[in-house]
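Report on the structure
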Amino acid sequence: MSFHFRPQGRSSGFIHPLSSEITPRTVYEGRRDLLKLMAGGAAGAALASFAGREAFAQATGPHKLALLPGAKSAVPGAQTMEKLTDYKDATSYNNFYEFGTDKGDPVKNAGTLKTRPWTVEVEGLVKKPGKYGIEDLLKLSAQEERIYRLRCVEGWSMVIPWVGYSLAELIKKVEPQGNAKYVEFVTLADPKTMPFVGSRVLDWPYTEGLRMDEAMHPLTLLAFGMYGEVLPNQNGAPVRLVVPWKYGFKSAKSIVKIRFVEKEPSTAWNKAAAQEYGFYSNVNPNVDHPRWSQATERRIGDGGGLFAKRHKTLMFNGYEAQVGQLYAGMDLKKNY
Amino acid sequence: MNKLLMHPAAKPVIFLLCLLPFARLAYGAFTDGLGANPAEFLIRATGDWTLRFICIVLAVTPLRVMAKANALARFRRMLGLFAYFYVVLHLLCYSWFDMGFEWAEIAKDIAKRPFILVGFSAFVLLTPLAATSFNRAIKAMGARRWQMLHKLVYLIAGLGLLHFFWMRAGKNDFAEVFVYAAIIAVLLGWRVWNYASKRRPKPSAGVRGGNSSEKSLRSSTG
């Protein structure tokens, strides 16, 4: 008796193709147009313009943003099984002070942000500095889907499916020199398109930084999308950082510059209130914020709404197994 | 304006207006219309309205004196009690939604965090004012002692402002705090100016002798 049985489905070990091997949905959906053109005999000229059609890159998803699919990431810790935060909450409850200090301000005001053209300058102690257009960055490495917890220092958290690749992929390409100990990230600060740059809430441009080993960690994500589409403006379009084991303000948005430096860079919230926001800002239920405890957090969108119980905050936001060794021997109360 | 305020419907109308913020918050809570973090929204909104009602109460006397609208005095007790109503809601929202009614944790918070200690003190001080707001209390205490107790509202306003300031200091976000501070400064400053201007000797008191003594009898306190 011969058996022609091929296992299907996620749990049965079926190997998923790489995203680069899957026909992009836009091409697949445009195939009938292509056939019509060919039938009409105008194939030659039409094919050329068809292939160059912007529409290929800009087929949109359910939220009217360009699709950005990512293959399921195999990085350990990159796929939490918790319930995803609603897209509506994740994109309308944001801290992006360049667009206002209310949580609802960024979604209202970030429409003026221009995400094309966009360049990220890589400079400092690297052998291959340069200017990277966003189109080049998108293609630099395979896009992955990573489902991370995001914990805000204010005491709330979300679960978000990001799309991007490890920052390490970019760092490897630019070849940091031996004395590059830290990486600094600079957010756009354009008063013409960001109405609150000019308010005295923070020093502009917004800067953040990581130690080199933190920046090289596979979990540190250079993110271009969320929920299968490109980032909405209010979430830090077109490219941002996501460091899931640190408080959310470390995950700089709308990055325009990545600098490799020798000394620990000064960071926006540390400049604003040094005794409250440290350079490391690792999520830590045992180290209180001066104003409130960090032992628990409110998970946005939890069933029960107002009456939902707060969650216990986990050490390193639940990524202790993956990042704990970076801080072995460090006094985390002093290096908050 | 005085006539309008003396109308029998004035008090119930103003009562309903004062209840409106609460109604909107309750409706929002039950229809999930308070955004992604409804607990934080409620704690913040009830705090905002407490501060606003304290400002409104402090505005009654200056308005009454300057607009000569004595009828405003009828509403001061109700407005003050609404400030207490919103501070109780604020405390309830914090105890319930933030702290799950865990009293040990709440006590620790009050002891450990200055801005919560200050806020809680303001609530503790406002309580005897609410408790002695009815007429029998005024009779039992006597007008002078009652007035001195109720002057505590000036300190309470300052504590409320400090509570708000320290909360916002964590986000470096002082714009709203400064607006309330400016309003309260004007309202308290008016009292200083009013007190100082009454102390000044009146010019040509000899010619208008009778009139000036009548004026000083009718001068108001607080």
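Given the structure is predicted, the values throughout are model-derived calculations rather than measurements. (Residues numbered from 1 in each chain as written. Chains lettered and ligands numbered in written order. Predicted model: local features only at pLDDT ≥ 70, side-chain atom pairs only at ≥ 80, totals over all residues.)

Quick notes on the overall build of chain A
A count of helices and strands for chain A gives 10 helices and 13 strands. When burial is assessed residue by residue, chain A has 36% of its 336 residues classed as buried. Within chain A, counting contacts between residues at least 6 apart in sequence, those at least 24 apart form 69% of the total. (Helix = DSSP H or I, 4+ residues; strand = E, 2+ residues; numbered from the N terminus. Buried ≥ 20, exposed ≤ 12 C-beta atoms within 10 Å, placed from the backbone. Contact = placed C-beta atoms within 7 Å.)

Details of the overall build of chain B
For chain B, the count of helices and strands is 11 helices and zero strands. Seen in sequence order, chain B has helices and strands lined up from the N terminus as α-α-α-α-α-α-α-α-α-α-α. If you take every contact in chain B between residues at least 6 apart in sequence, the share linking residues at least 24 apart comes to 66%.

Regarding the sheet that holds strand 6 (residues 182-187) of chain A
All names here are of chain A. Strand order in this open sheet of five strands is 3-2-11-6-7, and the pairing throughout is mixed. Bordering the open sheet on either side are strand 3 (130-133) and strand 7 (207-211), each of which pairs with just one other strand. Pairwise comparison of adjacent strand axes, ignoring direction, gives a mean angle of 20° for this sheet. Relative to strand 3, strand 2 (residues 119-124) is paired through four bridges, and the arrangement is antiparallel. Of the residues in strand 3, the one forming a bridge with E121 is K131. (Pairing = 2+ DSSP bridges. Axes fitted to C-alpha atoms, helices over the stretch in contact; angles between N-to-C directions.)

Brief notes about the environment of A9(B)
Residue and element names in this part refer to chain B. By the element assignment, A9 lies in the loop between helix 1 (2-6) and helix 2 (10-30). By C-beta crowding, A9 is classed as exposed, having 8 other C-beta atoms within 10 Å. For the pair formed by A9 and F134, sequence separation is 125 residues and the distance between their alpha carbons is 21 Å.

Focus on the interface of chain B and chain A
Between chain B and chain A, the contact holds 14 residues from the first and 19 residues from the second. For the side of chain B that touches chain A, the class distribution of residues is six nonpolar, five polar and three charged. (Nonpolar A, V, L, I, M, F, W, Y, C, P; charged D, E, K, R; others polar.)

Side note on the pairing of strand 8 (residues 221-226) of chain A
Residues and elements named next belong to chain A. Of all six residues making up strand 8, six are buried, and the element is well covered by its neighbours. Here strand 5 (residues 156-166) runs beside strand 8; their pairing, made up of five bridges, is antiparallel. Following the sheet pairing, G164 is matched in strand 8 by A223. Sheet topology note: the strand 8/strand 9 (residues 229-230) ladder contains two bridges and is antiparallel. Along strand 9, the bridge assignment pairs G225 with V230.

As for the environment of F96(A)
Residue and element names in this part refer to chain A. Along the chain, F96 falls in the loop between helix 4 (87-90) and helix 5 (105-109). For the pair F96 and R200, spaced 104 residues apart in sequence, the C-alpha separation works out to 14 Å. Leaving out residues up to four positions away in the same chain, F96 has contacts with P106, A110, Q234 and K253.

With respect to the nonpolar core
Of all hydrophobic cores here, the largest spans 67 residues; its most connected members are W162(A) and I255(A). Ranked by residue count, the leading element in this core is strand 5 of chain A, at six residues. Each residue touching I255(A), except ones within four places of it in the same chain, is listed here: V120(A), F185(A), V186(A), T187(A), V239(A), R240(A) and L241(A). A45(B), I54(B), V87(B) and M167(B) belong to the second-largest nonpolar core, a separate cluster that totals 39 residues. (Core = buried A, V, L, I, M, F, W, Y, C linked by C-beta atoms within 7 Å.)

Some remarks on the packing of helix 3 (residues 38-66) of chain B against helix 4 (residues 76-98) of chain B
Packed helices, taken two at a time, are described by the angle their axes make and the gap between the axes. All names here are of chain B. Contact geometry for helix 3 and helix 4: axes closest at 8 Å, N-to-C directions at 160°. One finds that helix 3 runs roughly antiparallel with respect to helix 4. Helix 3 and helix 4 meet at a crossing whose hand is left-handed. Per-class residue counts for the contact of helix 3 with helix 4 are 18 nonpolar, five polar and two charged. (Parallel < 35°, antiparallel > 145°, perpendicular 65-115°, else oblique. Left-handed = near helix turned anticlockwise from the far one by under 90°.)

As for the environment of Y97(A)
Residues and elements named next belong to chain A. Residue position: Y97 is located in the loop between helix 4 and helix 5. Given 24 C-beta atoms within a 10 Å radius, Y97 is considered buried. Sequence separation between Y97 and A328 is 231 residues, and the spatial gap between their C-alpha atoms is 34 Å. Here Y97 is in contact with F196, V201 and L202, once residues within four sequence places are set aside.

Looking at unusual backbone geometry
Residue and element names in this part refer to chain A. Between R116 and the following residue, P117, the backbone shows a cis peptide bond with an omega angle of 0°. Relative to the elements of secondary structure, P117 occurs in the loop between helix 5 and strand 2. Note the cis peptide between A237 and P238, where omega equals -5°. Mapped onto the fold, P238 is located in the loop between strand 9 and strand 10 (240-242).

Some details on the packing of helix 9 (residues 152-169) of chain B against helix 10 (residues 175-199) of chain B
Residues and elements named next belong to chain B. Running from N to C, helix 9 and helix 10 point in directions that differ by 165°, and their axes come no closer than 10 Å. Classed by the angle they form, the pair helix 9 and helix 10 counts as roughly antiparallel. In this structure, helix 9 crosses over helix 10, and the sense of that crossing is left-handed. For the pair helix 9 and helix 10, contact is made by Y154, A157, L161, F164, F165 and R168 and by V177, Y180, A181, I184 and L188, respectively.

Considerations on the confidence of the model for chain A
Residue and element names in this part refer to chain A. The predicted model of chain A has a mean per-residue pLDDT of 87, with 83% of residues at 70 or higher. Note that pLDDT drops below 50 for residues 1-14; the model gives that stretch five contacts with residues more than four away or on any other chain. Low confidence marks residues 40-56, where pLDDT is under 50. Its contacts with residues over four positions away, or in another chain, come to nine contacts. (pLDDT = per-residue confidence, 0-100.)

Quick word on the confidence of the model for chain B
Should pLDDT be low for a region, the predicted coordinates there are not to be read in detail. Residues and elements named next belong to chain B. For chain B, per-residue confidence averages 88 on the pLDDT scale, and 90% of positions sit at 70 or higher. Between residues 208-220, whose pLDDT stays under 50, and residues either more than four places distant or in other chains, the model counts four contacts. Here the predicted complex scores 0.82 on pTM and 0.80 on ipTM.

Side note on the pairing of strand 12 (residues 296-299) of chain A
Residues and elements named next belong to chain A. Sheet topology places strand 5 next to strand 12; two bridges connect them, and they run parallel. Its bridge partner being in strand 12, W156 is matched across the sheet by R298. Bridge analysis of strand 12 against strand 13 (residues 311-312) gives two bridges, and the strand direction is antiparallel. Bridging from a neighbouring strand, E297 pairs with H311 of strand 13.

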